[in-house]
Amino acid sequence: MAATASAALIAELEGAVDGRSPERWAEILRRMTTLFLADAHRLNEIQIVVFDDVFLRLMKRVDAQALALLSNNLSGTSAAPRKAIRQLAFHDDVLVAGAALRRSNRLLDRDLLEIANVRGEQHLLEMSNRQTVNASLSDKLVERGEGAVLRKLVQNLGARFSEAGYASLVAKAMRDDGLAEILVRRSDVPPALRRELVAKVSDARMRFLQAVPSALKGKIQAVMATAAEQVDVPAPMPVDYSAALARMVELSRKGGLNDRSVNGFAVKREYEDVVAALSFLSGAPVEVVVPVIKTAELDGLIVACKAARLNWSTTTMIIRHRPGCPAVTNRELEQAKAAFDALSLSVAQRTIRLW
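Residues numbered from 1 in each chain as written. Predicted model: local features only at pLDDT ≥ 70, side-chain atom pairs only at ≥ 80, totals over all residues. Heavy atoms only, no water.

Participant: Would you mind showing me how to read the pattern of salt bridges here?
Facilitator: If charged atoms from side chains of opposite charge come close, those side chains can pair. Counted under the stated rule, the structure contains 14 salt bridges. Among the salt bridges present, the one from Arg-151 reaches Asp-176, with a minimum N-O distance of 2.9 Å. Placement of Arg-151 in helix H10 (residues 147-155) and of Asp-176 in the loop between helix H11 (163-173) and helix H12 (177-183) is noted, with a sequence separation of 25 residues between them. In this structure Arg-151 comes out as partly exposed when scored by relative accessible area, which is 24%. Connected through shared salt-bridge partners, Glu-27, Arg-30 and Arg-31 make up one network. (Salt bridge = Lys/Arg side-chain N within 4 Å of Asp/Glu carboxyl O. Helix = DSSP H or I, 4+ residues; strand = E, 2+ residues; numbered from the N terminus. Buried < 20%, exposed > 50% of the residue type's maximum accessible area, 1.4 Å probe, protein only.)

Participant: For this particular structure, what's the right way to read the packing of helix H3 (residues 45-59) against helix H5 (residues 82-90)?
Facilitator: Any two packed helices are characterised by the angle at which their axes cross and by the distance between the axes. One way to put it is that H3 packs onto H5 with a least axis distance of 7 Å and a crossing angle of 35 degrees. Every residue of H5 that contacts H3 at Asp-52, Phe-55, Leu-56 and Met-59 is listed here: Arg-82, Lys-83, Ala-84, Gln-87 and Leu-88. Residues that form the contact of H3 with H5 fall into these classes: five nonpolar, one polar and three charged. (Axes fitted to C-alpha atoms, helices over the stretch in contact; angles between N-to-C directions. Contact = heavy atoms within 4.5 Å. Nonpolar A, V, L, I, M, F, W, Y, C, P; charged D, E, K, R; others polar.)

Participant: Quick question: what am I supposed to make of the side chain of His-321 here?
Facilitator: Mapped onto the elements of the fold, His-321 is located in the loop between helix H20 (312-320) and helix H21 (330-342). For His-321, the side chain forms a polar contact with the main-chain oxygen of Met-317, separated by 2.9 Å. Excluding anything up to four places from it in sequence, His-321 contacts Ala-266, Val-267, Arg-269 and Tyr-271. (Polar contact = N/O pair within 3.5 Å; in protein donor to acceptor, adjacent residues only side chain to side chain.)

Participant: How do you make sense of the packing of aromatic side chains when you look at a structure like this?
Facilitator: The geometry of an aromatic ring pair is captured by two quantities: the separation of the ring centres and the angle between the planes. Within this structure, the stated rule accounts for five aromatic pairs. Geometrically, the ring pair formed by Phe-161 and Tyr-166 is tilted, given 4.9 Å between the ring centres and 45 degrees between the ring planes. Each member of the pair, Phe-161 as well as Tyr-166, is classed as buried. The cationic tip of Lys-306 hangs over the ring face of Phe-340; the distance from NZ or CZ to the ring centre is 4.2 Å. (Phe/Tyr/Trp six-rings, centres within 6.5 Å; stacked < 30°, edge-to-face > 60°. Lys NZ or Arg CZ within 6 Å of the ring centre and 35° of its normal.)

Participant: Would you take a moment to explain the environment of Leu-169 for this structure?
Facilitator: Mapped onto the fold, Leu-169 is located in helix H11. Spatially, the C-alpha atoms of Leu-169 and Leu-179 are 8.7 Å apart, while their sequence positions differ by 10 residues. The residues touching Leu-169, leaving out its near neighbours within four places in the chain, are Val-142, Leu-150, Val-154, Phe-161, Leu-179 and Leu-183.

Participant: What is the right way to look at the confidence of the model for the protein in this model?
Facilitator: A low pLDDT means the predicted coordinates there should not be read in detail. Confidence along the protein averages 83 in pLDDT terms, with 84% of residues attaining 70 or more. The secondary structure element of the protein with the lowest average pLDDT is helix H1 (residues 2-16), at 52, and the one with the highest is H5, at 97. A low-confidence stretch, residues 1-6 stays under pLDDT 50, and its non-local contacts, those more than four residues away or across chains, total seven contacts. (pLDDT = per-residue confidence, 0-100.)

Participant: Can you walk me through the environment of Val-133 in this structure?
Facilitator: Position of Val-133 relative to the elements: it lies in the loop between helix H8 (121-127) and helix H9 (135-144). Once residues within four sequence positions are removed from consideration, Val-133 is found in contact with Met-127, Ser-128, Ser-138, Leu-141, Leu-153, Asn-156, Gly-158, Ala-159 and Arg-160.

Participant: Help me understand helix H19 (residues 299-307) in this model?
Facilitator: Side chains that are three or four residues apart share a direction in an α-helix, a result of its 3.6 residues per turn. With respect to burial, H19 is a largely interior element, eight of its nine residues being buried. Within the sequence span of H19, burial applies to Gly-300, Leu-301, Ile-302, Val-303, Ala-304, Cys-305, Lys-306 and Ala-307. Trailing H19 by a residue or two, Arg-309 shows a phi angle of about 65 degrees, which is positive.

Participant: Help me out: how do you make sense of unusual backbone geometry in this one?
Facilitator: One can expect most non-glycine residues to show negative phi and most peptide bonds to be in trans. The backbone of Arg-269 sits at a positive phi, close to 60 degrees, despite the residue not being glycine. Tracing the sequence through the fold places Arg-269 in the loop between helix H16 (259-267) and helix H17 (271-282). Using a relative accessible area of 52% as the deciding quantity, one classes Arg-269 as exposed. The residue Arg-309 is not glycine, and still its phi comes out positive at about 65 degrees. Structurally, the position occupied by Arg-309 is in the loop between H19 and H20. Arg-309 sits in the exposed class, given a relative accessible area of 56%.

Participant: When you look at the side chain of Thr-33 in this model, what are you seeing that I'm missing?
Facilitator: If you trace the backbone, Thr-33 turns up in helix H2 (residues 22-39). Among all residues touching Thr-33, those that are not within four sequence positions of it are Phe-55, Leu-70, Asn-73 and Leu-74.

Written as structure tokens, this is what we have:
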């Protein structure tokens, strides 16, 4: 019955539209998506199969841009047609596959494992951002992923690891100070492996501080201590930054996450977006960024802005428009600029990871 209904609908579509016009097919796909999403919560599986067949036929006739839009629209619904979402997730263009890999709960575990086996780093990175990552998938991501994938996966609180997965992670962390610093924060690392990590991180911190110019060493140590204290203070009203972080991901994909956009967030006092932008650009968790913005001391914020590759003009806007902080004097800004100019990108990024 579903196949007959699907075939009839497809025949009607093909009879009504000139197949040689991809733009017109993209418009048909857009309208079909709107129709599906409007009724998705009421559809049964047979009806979803009908839409699935239609989507598969239409997907052959449109370009990657239309497919990326479809992927984004279908990935947010628990009723997404399984074959269509699977085909989108397997697409070799990560702009098409990304949303499905990150968000869709209609992908089977075996689909995700297969994709992790055959696709590259960008696809693996999208999967490491899923709300939940089971141990089988995380083990495969650890096996095939490089630095960015491993860091994102370790920072994902919804990711679970097997003992073998953790052993592999720790082995890689022994050769990567940044990964070790992130991994040691997880509370579910097995005790024996944690001891190895703690020793590794302690040694790396000592080597780092020995290499820092003496003029900056005391300042960095003070900022690290302040940041640690601030992180331990419970916030009265926790803020969910997940939506803001998602906006930064999309803005970055479009090439729009830069000094100009972050400057605009600061001027408009859109500080959820400022926090999310600093977190995304510097690679530091939100929990590290929030305290350095809220404290009256500027040193930590300078480190975060430098690590995020922001320029001094944008940093000034962030400093001047911080919520709940006293206005800074010209003298304080001059001192802050001197510290900003003296701080190298590598030292800033290393410092913020140590927090």
